[in-house]
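# Architecture and fold: a report
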Amino acid sequence: MEKRFFFALLLTAVVNASRANDVSFDQNYHITWGNSHVTSLNEGREIHISMDNVSGAGFQSNARYASGFFQMKLKIPNKDSAGVVTAFYLIDNKGEGDHDELDFEFLGSKGQPCTLQTNVFANDKGGREQRYHLWFDPTADFHTYGILWNQHQIVFYVDNTPIRVSKNISNIGVNYPSQTLVIQASIWDGEGWASNGRKLDWSQQPFTASFQGFNVDGCQSLENSNKEQCYDSSLWWNGNTYWGLDPAKQKALEDARAEYMFEDYCSSKEGKYGHKECQINTFFY
Ligand SMILES: *[C@@H]1O[C@H](CO)[C@@H](O)[C@H](O)[C@H]1NC(C)=O
Ligand SMILES: *[C@@H]1O[C@H](CO)[C@@H](O)[C@H](O)[C@H]1NC(C)=O
């Protein structure tokens, strides 16, 4: 009898653990705009946000965070969607002029691979775009997009592959995101800057992006005052294995950059002279 009781306990623990990775949208997020353009499926385990000529839509985390490994599964609109931006990002949305932001932005596609752009804003300074054509079609299936953010580095992951690293090099005067940030996702009309000169094809509307994975591995921080607790090394994403990339991940990053990145702010003249980190060749290492 004792044994059976123990087994029952064990089973409960396993079930709870799997549920933690599969929580409903409402537990950590809420819709911020375009309510009528949001659909919830599978008891909130999957959310669809769509854009048509009336509205786009967006959602946001209930909490603010100061460190974490933020991951979500995305599938972007599976049709000619040049000019339709699907975004997943961390943002300081307080509008106080010291803006921090970490972005994944899909710029849509039309007869060519969909572009994935990443950007990093720190203390109001952005202009750090990098652009990729991925090694798979992001409109065909769900893939995991992740942002690791601790005191030492920010790493953008596509599935398990790091595609971008920003080191904390504040010691040489390059600002590093330090605000508490919310997680946001949205779909919106980016014709003009995202469509590469092509007109948005409204005959294709609505454009729908799908999201899964509403569990958050992040350290909640109410305001900037109690951030220190989020730098504690007992939080797994702050552990020293996450202070830099191991050799295999480093190689994966270099390969991805060489094969799939087609635009890098550090390669342009403005980028090179406007950003101190572009003058340090150890920035990505
Ligand atoms: C939006 O699209 C619908 C369907 O094509 C069309 O009937 C409507 O006139 C459009 N509205 C605007 C404001 O363009
Ligand atoms: C960046 O690194 C410095 C140490 O060089 C540290 O004191 C600071 O807290 C870090 N900044 C953030 C926002 O993590």
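Residues numbered from 1 in each chain as written. Chains lettered and ligands numbered in written order. Predicted model: local features only at pLDDT ≥ 70, side-chain atom pairs only at ≥ 80, totals over all residues. Heavy atoms only, no water.

Per an unreviewed UniProt entry, the chain goes by the name Xyloglucan endotransglucosylase/hydrolase protein 2, putative and belongs to Theobroma cacao.

### Here we look at the overall build of the chain
The test is simple: The secondary structure listing takes helices from DSSP runs of H or I that are at least 4 residues long and strands from runs of E that are at least 2 residues long, numbered from the N terminus. Think of it in three bands: with a 1.4 Å probe and only protein chains considered, a residue is buried below 20% of the maximum accessible area for its type, exposed above 50%, and partly exposed in between.
Of the regular secondary structure elements, the chain holds four helices and 16 strands. Buried residues in the chain amount to 49% of all 285 residues.

### Re the pattern of salt bridges
Test applied: The salt bridge definition used is simple: a Lys or Arg side-chain nitrogen within 4 Å of an Asp or Glu carboxyl oxygen.
In total, this model carries seven salt bridges according to the counting rule given. Salt bridges here are not isolated pairs; linked through shared partners, they connect R64, D92 and K94.

### Considerations on the packing of aromatic side chains
As a reminder, the rule being used: What counts as a ring pair is set by centres within 6.5 Å for rings of Phe, Tyr and Trp (its six-membered ring), and what kind of pair is set by the plane angle: stacked under 30 degrees, edge-to-face over 60, tilted for all other angles. Counting as a charge over the ring demands two things of the Lys NZ or Arg CZ atom: a distance within 6 Å of the ring centre and an angle within 35 degrees of the ring normal.
Scanning all chains against the criterion turns up 18 aromatic pairs. Seen from the ring of F142, K75 lies directly overhead, with NZ or CZ sitting 6.0 Å from the centre. Of note, K79 hangs over the ring of F207, and the distance from its end group to the ring centre comes to 5.9 Å.

### Points about the site of ligand 2
This is how the line gets drawn: We call a residue near a molecule or strand whenever a single non-hydrogen atom of that residue lies within 4 Å of it. Side-chain atoms alone can form a polar contact between residues adjacent in sequence; in general such a contact is a pair of N or O atoms within 3.5 Å, and within protein one must be able to donate a hydrogen while the other accepts it. Using a 1.4 Å probe, the Shrake-Rupley method yields the accessible areas, and only the shown protein chains count as cover for residues. In this classification, Asp, Glu, Lys and Arg are treated as charged, Ala, Val, Leu, Ile, Met, Phe, Trp, Tyr, Cys and Pro as nonpolar, and every other residue, Gly included, as polar.
The local shell around ligand 2 consists of Q151, N168, S170, Y176, P177, S178 and Y231. Within the side chain of N168, an N or O atom sits 2.3 Å from an oxygen atom of ligand 2. Alone, ligand 2 offers 360 Å² of accessible surface; in the complex the protein occludes 59% of this. Its residues assigned to classes, the shell around ligand 2 comprises three nonpolar, four polar and no charged.

### Let's talk about the sheet that holds strand β16 (residues 261-264)
We apply this condition: A pair of strands is labelled paired if DSSP reports no fewer than 2 bridges between them. For helices, the axis comes from a line fit to the C-alpha atoms of the stretch in contact; other axes are also lines fit to C-alpha atoms, and the angle between any two N-to-C directions lies between 0 and 180 degrees.
Strand order in the open sheet made by the eight strands is β1-β4-β13-β6-β7-β8-β9-β16, with antiparallel pairing throughout. This sheet does not close on itself; its edge strands, each paired only once, are β1 (29-33) and β16. On average, each strand axis in the sheet is tilted by 15 degrees relative to the strand beside it, whichever way the strands run.

### Overview of the state of the cysteines
Heads up, the condition is: Disulfides are defined in this document as cysteine sulfur pairs within 2.5 Å.
The final tally for this structure, using the stated rule, is two disulfides. With a sulfur-sulfur separation of 2.0 Å, C219 is cross-linked through a disulfide to C230. One quick way to see it: the torsion about the S-S bond of C219 and C230 is about -75 degrees, and its sign makes the bridge left-handed. Taken together, the residues C219 in strand β15 (residues 217-220) and C230 in the loop between β15 and α3 (247-260) connect sequence positions eleven residues apart. Residue C219 is classed as buried on the basis of its relative accessible area of 7%.

### Remarks on α3
To keep it simple, the criterion reads: What a helix should span is 1.5 Å times the count of its residues minus one. Here the arc refers to the set of directions running from the helix axis out to each C-beta atom. Any two residues whose heavy atoms approach within 4.5 Å at even a single point are treated as in contact.
Its 14 residues place the ends of α3 20 Å apart at the C-alpha level, agreeing with the 20 Å of an ideal helix rising 1.5 Å per residue. For α3, the full list of buried residues reads Q250, L253, A256 and R257. Down the axis of α3, the buried side of the element spans an arc of 125 degrees, and every buried residue falls inside it. α3 presents P247, A248, A258 and E259 as exposed residues on the side facing more than 90 degrees away from its buried surface. At its buried positions, α3 is contacted by β9 (130-133), β12 (161-167) and β16. The backbone nitrogen of A248 has a side-chain oxygen 3.1 Å away, supplied by the residue at the start of α3, namely D246.

### Quick notes on the side chain of S61
Structurally, S61 is set in strand β4 (residues 57-61). Here A63 takes part through its backbone oxygen, which lies 2.8 Å from a polar atom of the side chain of S61. Setting aside chain neighbours within four positions, we find S61 in contact with N28, Y29, H30, V182 and I183.

### Brief notes about the confidence of the model for the chain
Caution is warranted with low-pLDDT regions, since their predicted coordinates should not be read in detail. The cut-off we apply is this: A score between 0 and 100, pLDDT records how confident the predictor is in each residue.
Here the chain averages 89 in pLDDT, and 89% of its residues register 70 or above. In the model, residues 1-19 has pLDDT below 50 throughout and makes zero contacts with residues more than four positions away in sequence or in other chains.

### Comments concerning the pairing of β4
One face of the sheet, then the other: side chains in a regular strand alternate in exactly this way. With five of its five residues buried, β4 lies for the most part within the structure. Here β1 runs beside β4; their pairing, made up of four bridges, is antiparallel. If you follow I31 over to β4, its bridge partner there is F59.

### Some remarks on unusual backbone geometry
Omega for the bond connecting Q205 with P206 falls within 30 degrees of zero, at 0 degrees, which places this linkage in the cis form. Along the polypeptide, P206 turns up in the loop between β13 (182-189) and β14 (207-212). You will see that E43, though not glycine, has its phi angle at about 55 degrees, which is positive. Locating E43 in the fold gives a position in the loop between β2 (38-41) and β3 (46-51). Even without being glycine, D124 reaches a positive phi, approximately 80 degrees. Within the secondary structure, D124 sits in the loop between β8 (115-121) and β9. The partly exposed category is assigned to D124, whose relative accessible area is 44%.

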